[in-house]
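So you can see what is in the structure, the chains are spelled out below.
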Amino acid sequence: MKKLAIIATALVLSVVSSVQAFAEDESVVKIDMNKTYQTIDGFGASYTWYSEQLSGTEVAQQGFDWIFNDAKFNILRFRDLNCVYTNNYDDVLEGYKSNYYLYYNAAVERGIDPLVLVTSWGEYDRSLPWVEFVENPENGYSYYTLAKDENGEYMYGALADFCVESIKIFFDAGIPVDYFSITNEAELQDSHLDEQGGHRDSAGFFLGKQETDYQAAYWKAHIAVYEAFQNAFGEYAPQLMGAETMAAYPDLLHGYLDPLIESRPESFEIIAHHLYGTDLSEKNLTAVGQSFPNYKIWQTEFYNADFFGNAEIILDDLVYEGVNAYLYWDGVWPMGAVLDVSSSNGSTSLTRRGNHYIMSHFSAFIDRGYQRVDVQDDLNTKFAAFKSPDESKLIVIAVNPTKNSESLSIDLGGKDILGSKVYLSTEDAENSFKNKYLQDLGEYHNGLEIPGRSLTTIEINLAPKAGYVPEETIKKENPYVKSSTNGINSAILIALAAAAATIGAAAGIVVVVKKRRKNKAASGADT
């Protein structure tokens, strides 16, 4: 008996000794699933310029499969085209049905419950009675802003009525609108500059932080549109985004949002911004997130042709700023984007570019409703982790921005891993065409190697949380949204759209020209 006790003691000491050696020798990533941060709303892209070059073609179904089955994008950002290329309501409506609706319907058919954000670029017909050209003697800038009425007051109500009409066109096209932004990159529109500081020939539509003799105020326009939406649509009114600035800095966002927070805090729940010209340091991103603790934050537009650099930016924005959603800029674009579409000799070709896979590392695994949880480590590799509402799934994202590989082991505080999958994308420093994306490495194991300049997603299955009861949500049918398809599936709709485009081209008819003044997408080589 004494001998057995000695043997048992030796075994225990051996196990303890091996655990201690493991802790000392391995780089351990500790994940605390009880310490939570923001809840994720989703991921997506903009389908604005050039989006029709996919939706009305023979490769549309393939493209929609890549967007919604593979990347699982659940946020669609569209552009308000009311009185942009045509002032005819029916023409705008038909344009939406033959393009935007196809994206929305394709998402629904593939099991996605999409969130729709509509942004106004302020490119309204400049002859509209509530639009006025201004040359500001205070700074020498020229731009369009709201006209003044006979009493010398800016025509905020006219803009609000116009935005109600814009939403009605989407609703009439069968597209529910969840969120609306009254301006795009507000701080840029008076300067004749683009996101890179280059010159723009055209004057933008400008709403300033405060009302002056030479500019209408963003916050007053926001409130007018909010009230008009509530009167027109009640509980089915789209929520307004706050700001949607070009850059993300605390002072910039406070300048646009503080008057709203002080006067009508209920008029928005989400702050939107882009990342152009932004200090992407941990210090600035953290400061932005901490500046607005009572609001969600969405990053609604950014592009970067350095794919693995882009992965680091996405992860940093999720971790340091704590954004609830991240949208890439150009979902479909010639010579760039998430999907590259090109036409030659009457046929259309489609290519998944590097950022399709980079975004998919996040979007295909982190569903709406997942929460970010705490990660502690001492590696050069950067980490983020997200748990499902019932805690049966844990998604760990690892971005190694260095050239050196590192190995890791994950400590879940005693939780048993029931199953796992590891997906790895690696960069070829010499030729981006040789990058390898979303390689299936099989199950996770301790000592997992994270190569230099790589992106890794680890999908871990766990036992569901004891006593978890899913929150019951009943989605009300929006009575303002018309069903104009009568159950016709997207393949037929796409064929009809393509036929209409062909007939229009043969007849020399151009309904909507969607060519942007500038190509935001960088044209680096990738696949």
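In the block above lies the structure referred to throughout.
Now for a description of the structure that goes with this document. The structure displayed is predicted, hence computed values, not measured ones. (Residues numbered from 1 in each chain as written. Predicted model: local features only at pLDDT ≥ 70, side-chain atom pairs only at ≥ 80, totals over all residues. Heavy atoms only, no water.)

### Notes on the pattern of salt bridges
Here the structure, examined in full by the defined rule, presents 21 salt bridges. Among the salt bridges present, the one from K482 reaches D172, with a minimum N-O distance of 3.7 Å. Taken as a pair, K482 in the loop between β22 (454-461) and α12 (490-506) and D172 in helix α6 (residues 156-172) lie far apart in primary sequence, 310 residues in all. On the basis of relative accessibility, which here comes to 16%, the residue D172 falls in the buried class. Here K476 ties to E235 by a salt bridge, and the two come within 3.0 Å at their closest N and O atoms. (Salt bridge = Lys/Arg side-chain N within 4 Å of Asp/Glu carboxyl O. Helix = DSSP H or I, 4+ residues; strand = E, 2+ residues; numbered from the N terminus. Buried < 20%, exposed > 50% of the residue type's maximum accessible area, 1.4 Å probe, protein only.)

### Some remarks on the environment of I112
Inspection of the secondary structure assignment puts I112 in the loop between α5 (100-109) and β4 (115-119). For the pair I112 and F68, spaced 44 residues apart in sequence, the C-alpha separation works out to 7.1 Å. With sequence-adjacent residues up to four places away left out, I112 is seen in contact with F68, K72, F73, N74 and A107. (Contact = heavy atoms within 4.5 Å.)

### Remarks on the packing of helix α7 (residues 218-233) against helix α8 (residues 250-263)
With their axes 8 Å apart at the nearest point, α7 and α8 run at an angle of 45° to one another. Viewed along their axes, α7 and α8 adopt a mutual orientation that is oblique. Remark: the crossing between α7 and α8 carries right-handed chirality. Where α7 approaches α8, its residues Y218, W219, H222 and I223 are matched on the opposing element by Y256, P259, L260 and S263. Here the residues of the contact of α7 with α8 are counted per class, giving 6 nonpolar, 2 polar and no charged. (Axes fitted to C-alpha atoms, helices over the stretch in contact; angles between N-to-C directions. Parallel < 35°, antiparallel > 145°, perpendicular 65-115°, else oblique. Left-handed = near helix turned anticlockwise from the far one by under 90°. Nonpolar A, V, L, I, M, F, W, Y, C, P; charged D, E, K, R; others polar.)

### Here we look at the sheet that holds β22
With respect to topology, 9 strands assemble into an open sheet ordered β20-β19-β22-β17-β16-β15-β1-β18-β21, the strand pairing being mixed. The open sheet has two edge strands, β20 (436-440) and β21 (448-450), and neither has a second partner. Strand-to-strand, the axes of this sheet are offset by a mean angle of 30°, without reference to chain direction. The pairing of strand β1 (residues 28-39) with strand β15 (residues 371-376) spans 5 bridges and is antiparallel. Bridge assignment links I31 to a residue of β15, and that residue is V375. Taken strand by strand, helix α10 (residues 307-321) contacts β1, β15, β16 (382-387), β17 (393-400), β19 (419-426), β20 and β22, and its axis lies near 55° from that of β16. (Pairing = 2+ DSSP bridges.)

### Focus on helix α3 (residues 60-70)
A60, G63, F64, W66, I67 and F68 are the residues of α3 that are buried. All buried residues of α3 fall inside an arc of 165° around its axis, so they share one side. K72 sits one or two positions beyond α3 and adopts a positive phi of about 60°. (Arc of directions from axis to C-beta.)

Bear in mind that shape data such as this cannot, by itself, settle questions of function.
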